[in-house]
Amino acid sequence: MIIAIDGPAGSGKSSTAQALAYRLGGFYLDTGAMYRAVGLALVPGGGEDIGEQQARSLLNHIQFDLVPDASSFRVSVNGTDVTEEIRTPEAATLASRVSRLAAVRERLVAEQRKVGRRLSEDGQIVIVEGRDIGTVVFPEADVKFYMEASTDIRAERRHRDLRRDGIDQDIETVRREIEVRDKQDREREHSPLRRAPDAVVIDTTELTADDQVDMMLATIKALLETRNTEI
């Protein structure tokens, strides 16, 4: 079974996907981590943007892995662990920059489909979150969600997460970065952020993390019951 979760930055996708995977005993596939890792590899030091041809050439020499550990997963690029580096604001910006490249999206979509379908065919529940999961990566997903929240709430959440990770950034800067990220994600030519027609919309503005997971679990159960399917 594949469960797709899409939505803009700060809507709660990652934390909710992880919690949902834990509650269902499933596998959490973090596509954002993959884009951040590739961004670090393609644009080291946050340098100049690269073009399609250069990206395709560089991607031929990049191998990345997501390895589950006790609490989450470790991410490596060409054998180097970049788990800590990909959680910085700079890595998030790089992810948005490289995700506009067709070469990057084609490579990562293929990787995501390979992992997700293999696990699903083995009988596992796979929770995948991102911005084009239900529309491009897994349009055949068994259940689709689209999470959204007000810009103010998303900025507050992101600011809190950054402080927890020891990153000092004022909330107005965080807000501006989210607005820029939203614009880039919605206006990019390849696989822009949009809601799948059959996705269940969850506005998380006034929901706690537990509320979000409980709502998803109830929705999944109800949808599967109508299809005479069990988790």
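So, here is what we can say about the structure in this document. (Residues numbered from 1 in each chain as written. Predicted model: local features only at pLDDT ≥ 70, side-chain atom pairs only at ≥ 80, totals over all residues. Heavy atoms only, no water.)

**Overview of helix 8 (residues 171-187)**
For helix 8, with 17 residues, the first-to-last C-alpha span of 24 Å sits near the 24 Å given by 1.5 Å per residue. All of the buried residues along helix 8 are Thr173, Val174, Arg175, Ile178, Arg181, Asp182 and Asp185. In this fold, the buried residues of helix 8 make contact with helix 4 (89-98) and helix 7 (151-164). The opening residue of helix 8 is Asp170, an N-cap whose side-chain oxygen sits 3.2 Å from the backbone nitrogen of Glu172. (Helix = DSSP H or I, 4+ residues; strand = E, 2+ residues; numbered from the N terminus. Expected span 1.5 Å × (residues − 1). Buried < 20%, exposed > 50% of the residue type's maximum accessible area, 1.4 Å probe, protein only. Contact = heavy atoms within 4.5 Å. Polar contact = N/O pair within 3.5 Å; in protein donor to acceptor, adjacent residues only side chain to side chain.)

**Considerations on the nonpolar core**
Counting 55 residues, the largest nonpolar core has Ile3, Leu20, Leu42, Val104 and Ile127 as its most contacted members. At 6 residues, helix 2 (residues 31-42) tops the list of elements feeding residues into this core. Filtering out sequence-adjacent residues up to four positions away, Leu42 remains in contact with Ile50, Leu58, Leu59, Ile62, Val98 and Val104. (Core = buried A, V, L, I, M, F, W, Y, C linked by side-chain atoms within 4.5 Å.)

**Focus on unusual backbone geometry**
Of note, Asn78 is a non-glycine position whose phi angle comes to about 50 degrees, a positive value. The topology assignment puts Asn78 in the loop between strand 4 (73-77) and strand 5 (80-81).

**Some points on the pairing of strand 7 (residues 143-148)**
Taking burial as the measure, the 6 residues of strand 7 include 5 buried ones, the bulk of the element. Of the strand pairs in this sheet, strand 1 (residues 2-6) and strand 7 are connected by 4 bridges, and their pairing is parallel. Each bridged residue has a counterpart across the sheet, and for Ala4 the counterpart in strand 7 is Lys144. (Pairing = 2+ DSSP bridges.)

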